[in-house]
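Residue strings, one per chain:
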Amino acid sequence: MGVVMKTLEKFRFAGIVGIIVYWLFVAWSISRNPWFSMFHNALSDLGDPAEASSPWIYNYGLIVTSLFVLAFSIYLIWVAKNKVQTIGGAYISISAIFLALIGVFHSGTQLHVFVSTYFFIQFFLGMLIFGLGTSERVIKYSAIVLFILALLGTFVDWPSVAIEETYEITLIAVFTTIVVLRCSKGC
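Notes on the structure follow.

1. Brief notes about the packing of helix 3 (residues 55–79) against helix 7 (residues 161–182)
Okay, step 1: In contact at an axis separation of 12 Å, helix 3 and helix 7 are set at 45° when each is read in the N-to-C sense. Judged by the inter-axis angle, helix 3 sits oblique to helix 7. In this structure, helix 3 meets helix 7 at a crossing whose hand is left-handed. Of the residues in helix 7, those touching helix 3 at Phe72, Tyr75 and Leu76 are Phe175, Thr176 and Val179.
Okay, step 2: Of the residues assigned to the contact of helix 3 with helix 7, the class counts are five nonpolar, one polar and no charged.

Structure (structure tokens):
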């Protein structure tokens with residue numbers, strides 16, 4: 001049982017590792033697609049076979065990243081102290097599935113917008129629910145503020161979809177970092 005506990009404890013860092021892994025795949029994909037612009041494209045354009053060179057880089061990057069999000073959600077469920085937190089972690093686990101599906105239903109496919117949108121919806125709802133269930137004030141109030149910022153972000157006239165996506169990914173990164181720093185033995 002001790003090995004399982006130590007493994008689950010390491011899953012706490014999976015969210016941050018996932019974000020790093022995602023951006024490494026994005027950088028690799030951008031290096032193969034000099035036409036890409038953060039100010040004119042969506043990040044998913046890097047995975048569109050009709051537009052991108054080596055679209056598999058971006059799409060497989062999403063699938064690999066989803067495994068880290070799933071591991072992070074398992075950690076959240078493991079440290080949950082109540083049903084509300086467990087539900088929040090479960091929503092984040094569902095977001096991991098949608099993240100993988102973005103890589104499967106890449107840009108240019110019929111389901112792409114749906115799975116992309118639901119990844120963010122599921123993650124932010126999971127973050128909010130998990131935060132509401134915790135007695136750890138920093139996590140609770142951060143989750144609420146980050147959720148509000150995510151909502152407000154939908155009303156901003158962004159220069160591009162890539163900038164909007166980067167904003168949302170940054171909010172996810174902030175939440176995962178706060179959890180790593182504040183949630184070592186339970187939240």
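Now that the structure has been shown, we can carry on.
2. As for the packing of helix 2 (residues 14–31) against helix 3
Okay, step 1: It is the contact of helix 2 with helix 3, at a shortest axis distance of 8 Å, that shows an interaxial angle of 175°. Here helix 3 runs roughly antiparallel to helix 2, going by the angle between their axes. On helix 3, the residues touching Ala14, Gly15, Val17, Gly18, Val21, Tyr22, Phe25, Val26, Trp28 and Ser29 of helix 2 are Trp56, Ile57, Tyr58, Gly61, Leu62, Val64, Thr65, Phe68, Ala71 and Phe72.
Okay, step 2: Among the residues making up the contact of helix 2 with helix 3, the classes are represented as 15 nonpolar, five polar and no charged.

3. Quick look at the packing of aromatic side chains
Okay, step 1: Scanning all chains against the criterion turns up 17 aromatic pairs.
Okay, step 2: When the centroid spacing of 6.1 Å and the interplanar angle of 70° are considered together, the rings of tryptophan 35 and phenylalanine 36 count as edge-to-face.
Okay, step 3: Taking the relative accessible area as the measure of exposure, phenylalanine 36 reaches 9% and is therefore buried.
Okay, step 4: Relative to tryptophan 78, the ring of tyrosine 75 lies with its centre 6.0 Å away and its plane at 55°, an arrangement referred to as tilted. Of the two residues, tyrosine 75 and tryptophan 78 are both situated in helix 3; the distance of three residues between them amounts to about one turn of the helix.
Okay, step 5: The exposure class of tyrosine 75 is buried, given its relative accessible area of 0%.
Okay, step 6: The class of tryptophan 78 is partly exposed, set by a relative accessible area of 30%.
Okay, step 7: By the ring-pair criterion, three or more aromatic residues cluster together here, those being Phe72, Phe119, Phe120, Phe123, Phe124 and Phe175.

4. Remarks on the environment of arginine 182
Okay, step 1: Mapped onto the elements, arginine 182 comes out in helix 7.
Okay, step 2: Along the sequence, arginine 182 and glutamate 136 sit 46 residues apart, while their C-alpha atoms lie 7.9 Å from each other.

5. Observations regarding unusual backbone geometry
Okay, step 1: We note that serine 54 has phi near 55°; this positive angle belongs to a residue other than glycine.
Okay, step 2: Along the chain, the position of serine 54 falls in the loop between helix 2 and helix 3.

6. A look at helix 6 (residues 137–153)
Okay, step 1: Between its terminal C-alpha atoms helix 6 stretches 24 Å, which fits the 24 Å expected from 17 residues at 1.5 Å a residue.
Okay, step 2: Those residues of helix 6 lying buried are Ile139, Ser142, Ala143, Leu146, Phe147, Ala150 and Gly153. One side of helix 6 holds all its buried residues, which, seen down the axis, span an arc of 135°.
Okay, step 3: Contacts from the buried residues of helix 6 go to helix 5 (112–133) and helix 7.

Cut-offs applied
Residues numbered from 1 in each chain as written. Predicted model: local features only at pLDDT ≥ 70, side-chain atom pairs only at ≥ 80, totals over all residues. Heavy atoms only, no water. Axes fitted to C-alpha atoms, helices over the stretch in contact; angles between N-to-C directions. Helix = DSSP H or I, 4+ residues; strand = E, 2+ residues; numbered from the N terminus. Parallel < 35°, antiparallel > 145°, perpendicular 65-115°, else oblique. Left-handed = near helix turned anticlockwise from the far one by under 90°. Contact = heavy atoms within 4.5 Å. Nonpolar A, V, L, I, M, F, W, Y, C, P; charged D, E, K, R; others polar. Phe/Tyr/Trp six-rings, centres within 6.5 Å; stacked < 30°, edge-to-face > 60°. Buried < 20%, exposed > 50% of the residue type's maximum accessible area, 1.4 Å probe, protein only. Expected span 1.5 Å × (residues − 1). Arc of directions from axis to C-beta.

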